[in-house]
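Residues per chain are reported as follows:
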Amino acid sequence: GVLFLAAAVVLSLLAMWVLSYLFMLVFGKTQVITTDKDIERVIREETFIPSPFSVTPIPALSAFLPTTRALGRKKTAFRPYRELITIPDGSSVLGGTVGLDWFDRKSKEDTSTICPADETPIVFVCHGVNGGSAEPYVHFLCLRARKQGWRPVCFVMRGCAGLKLTTCMTYNGAMTGDLHEALTVVCQRYPKAPVHIVGYSFGSAIVANYLGEQNAAVHPKIPQNHWPAAVPAQVVGAMLIGVPFNFITSCTTMHPFYDANILKGLKFYYNKHKAILSTRVPPEQIEKAKKCEKFDDAATSRLQGYPNAMEYYHEVSCSRYLDGVRVPTVFCNTRNDPISVPAALPDPAAIKANPALTLVTTGTGGHLGWFVARPNAPTWDENLAIRLMKHRFDHACPVSASPAPSPAMPLSN
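A brief look at the structure comes next. (Residues numbered from 1 in each chain as written. Predicted model: local features only at pLDDT ≥ 70, side-chain atom pairs only at ≥ 80, totals over all residues. Heavy atoms only, no water.)

**Some words on the nonpolar core**
For step 1, the next point in the chain: Counting 105 residues, the largest nonpolar core has Phe124, Tyr200, Phe331 and Met389 as the members making the most contacts within it.
For step 2, the next point in the chain: When residues no more than four places from it in sequence are discounted, the contact partners of Phe331 are Ala208, Leu240, Val243, Phe245, Leu322, Ile351, Leu357, Thr358, Leu359 and Val360. (Core = buried A, V, L, I, M, F, W, Y, C linked by side-chain atoms within 4.5 Å. Buried < 20%, exposed > 50% of the residue type's maximum accessible area, 1.4 Å probe, protein only. Contact = heavy atoms within 4.5 Å.)

**Side note on the environment of Ala174**
For step 1, the next point in the chain: Structurally, Ala174 is set in the loop between strand 5 (151-156) and helix 5 (176-189).
For step 2, the next point in the chain: For Ala174, a relative accessible area of 4% corresponds to the buried category.
For step 3, the next point in the chain: Residues Ala174 and Gln304, spaced 130 residues apart in sequence, show a C-alpha to C-alpha distance of 8.6 Å. (Helix = DSSP H or I, 4+ residues; strand = E, 2+ residues; numbered from the N terminus.)

**Re the pattern of salt bridges**
For step 1, the next point in the chain: Under the definition given, this model contains 14 salt bridges.
For step 2, the next point in the chain: The salt bridge partner of Arg144 is Glu382, with a shortest N-O separation of 2.8 Å. Residue Arg144 is found in helix 4 (residues 136-147), and its partner Glu382 is found in helix 14 (residues 380-394); the two are separated by 238 residues along the sequence.
For step 3, the next point in the chain: Residue classification places Arg144 among the partly exposed positions, given a relative accessible area of 22%. (Salt bridge = Lys/Arg side-chain N within 4 Å of Asp/Glu carboxyl O.)

**Observations concerning the packing of helix 11 (residues 292-304) against helix 12 (residues 309-316)**
For step 1, the next point in the chain: Running from N to C, helix 11 and helix 12 cross one another at 85°; their axes reach a closest spacing of 8 Å. Comparing their axes, helix 12 and helix 11 come out roughly perpendicular. Along the contact surface, helix 11 presents Cys292, Glu293, Asp296, Asp297, Thr300 and Ser301, while helix 12 presents Ala309, Met310, Tyr312 and Tyr313.
For step 2, the next point in the chain: Residues that form the contact of helix 11 with helix 12 fall into these classes: five nonpolar, two polar and three charged. (Axes fitted to C-alpha atoms, helices over the stretch in contact; angles between N-to-C directions. Parallel < 35°, antiparallel > 145°, perpendicular 65-115°, else oblique. Nonpolar A, V, L, I, M, F, W, Y, C, P; charged D, E, K, R; others polar.)

**So, the side chain of Thr97**
For step 1, the next point in the chain: Here Thr97 is to be found in strand 3 (residues 96-102).
For step 2, the next point in the chain: In this structure the side chain of Thr97 is engaged in a polar contact, spanning 3.2 Å, whose partner is the side chain of Thr166.
For step 3, the next point in the chain: Beyond its immediate chain neighbours, meaning those up to four positions away, Thr97 contacts Leu84, Ile85, Arg158, Leu163, Lys164 and Thr166. (Polar contact = N/O pair within 3.5 Å; in protein donor to acceptor, adjacent residues only side chain to side chain.)

**Some points on unusual backbone geometry**
For step 1, the next point in the chain: With a phi close to 50°, Ala161 is a non-glycine residue in the positive phi region.
For step 2, the next point in the chain: Note on placement: Ala161 falls in the loop between strand 5 and helix 5.
For step 3, the next point in the chain: Within the chain, Leu368 stands out as a residue other than glycine whose phi angle is a positive 65°.
For step 4, the next point in the chain: By secondary structure assignment, the location of Leu368 is in the loop between strand 9 (357-362) and helix 14.
For step 5, the next point in the chain: Assessed through its relative accessible area of 8%, Leu368 is described here as buried.

**Section: the packing of aromatic side chains**
Describing an aromatic ring pair means giving the distance of the ring centres and the angle of the ring planes.
For step 1, the next point in the chain: Taken as a whole and judged by the stated rule, the model has 15 aromatic pairs.
For step 2, the next point in the chain: Of the aromatic side chains, those joined through ring pairs into one cluster are Tyr171, Phe202, Phe247, Tyr269, Tyr306, Tyr312 and Tyr313.
For step 3, the next point in the chain: Stacked on the ring of Tyr190, the Lys or Arg Arg151 has its end atom at 4.1 Å from the ring centre. (Phe/Tyr/Trp six-rings, centres within 6.5 Å; stacked < 30°, edge-to-face > 60°. Lys NZ or Arg CZ within 6 Å of the ring centre and 35° of its normal.)

**A look at the pairing of strand 6 (residues 195-200)**
For step 1, the next point in the chain: Taking burial as the measure, the six residues of strand 6 include six buried ones, the bulk of the element.
For step 2, the next point in the chain: Neither face of strand 6 is left uncovered, since the one carrying Val195, Ile197 and Gly199 and the one carrying His196, Val198 and Tyr200 both have all their residues buried.
For step 3, the next point in the chain: As defined by bridge partners, strand 4 (residues 122-126) adjoins strand 6 across five bridges and the pair is classed as parallel. By the bridge assignment for strand 6, Val123 is matched with His196.
For step 4, the next point in the chain: One ladder, built from six bridges, connects strand 6 with strand 7 (residues 235-241); its direction is parallel. Bridge pairing links Gly199 to Leu240 in strand 7. (Pairing = 2+ DSSP bridges.)

These figures come from the coordinates and say nothing about function on their own.
Structure (structure tokens):
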């Protein structure tokens with residue numbers, strides 16, 4: 001009797017699992033919102049068939065499994081060459097240091113790939129919160145891009161991935177000045193090469209802010225972290241993945257489990273750079289923070305000049321700047337993302353109102369966890385990024401030259 005009951009329970013759970021998977025295949029299909037029919041066709045060609053292990057009868061578990069699996073992918077032994085970029089004092093209030101991790105070079109002495117006349121397409125990648133080029137999603141995409149014959153480089157934010165924090169200014173969602181400086185270095189070194197940006201999670205929000213803030217109807221209230229110059233003409237497109245469009249919505253609706261894990265990373269960042277940060281933010285305030293909002297109240301907002309975390313979240317929410325984006329941009333999110341929550345997704349009308357924008361959503365995948373049914377296969381978002389970039393590079397107009405950085409000027413409110 002006990003064996004029969006156990007077998008019945010197992011079969012019932014298996015049946016529920018199968019039904020959940022079939023339901024997802026039928027009703028959780030990829031949705032594309034765009035006015036660009038050519039890009040929609042390219043996206044539709046990369047069909048997403050999720051792994052059965054990413055879908056369960058329990059919605060929270062369906063979000064948890066692919067999210068944790070995405071963070072746990074094993075990397076190869078390849079290590080890129082890191083170049084340090086010093087941010088001028090005039091472009092960011094206290095200067096600072098960021099990094100460029102080049103996947104086409106292994107050392108400073110390896111200069112064989114540096115040639116101004118080189119037209120090799122460049123893939124410029126921005127990592128997520130507290131990340132770097134060693135994050136699995138960045139690592140594997142860059143290696144795939146390298147195999148395509150492109151030049152991948154990862155922008156490393158100040159204080160991340162082993163970078164020394166040289167000023168009290170930490171990286172944050174408004175730090176578009178750092179991004180522009182690093183991107184300008186790349187474009188001026190290879191003035192004839194087309195560039196495609198790929199951003200992940202927190203990094204995708206920074207890229208979206210950068211692409212939109214110059215032409216948007218609203219501008220940042222605190223311009224200190226911004227470098228109000230045009231996006232280099234070499235940038236032919238962007239794909240932004242797992243985008244937190246509205247930080248207030250994501251922060252207030254995120255499950256405590258994910259909030260606690262992000263907070264752990266933020267505290268690690270602070271403690272790693274405590275020697276310099278403690279001069280502005282007392283350690284006891286960091287220790288008392290039990291949520292990301294409280295950490296940002298104590299540290300991030302204070303260091304960046306915002307009165308509190310909610311004001312900071314409002315200012316750096318990229319949904320405010322979507323109308324200003326001029327570079328063809330594809331946003332890619334899931335409808336069960338526990339971090340970049342679905343409630344924060346922009347109104348479809350806002351996407352259609354700007355012909356440069358495309359929003360792609362899938363029924364499952366959690367946060368950056370688009371694992372497919374084939375074992376050990378690349379993730380769906382990685383495949384889609386390669387497909388989109390190939391399309392952009394194949395149709396890019398020849399680049400004559402990249403504009404020099406414009407002088408800093410105040411951004412109006």
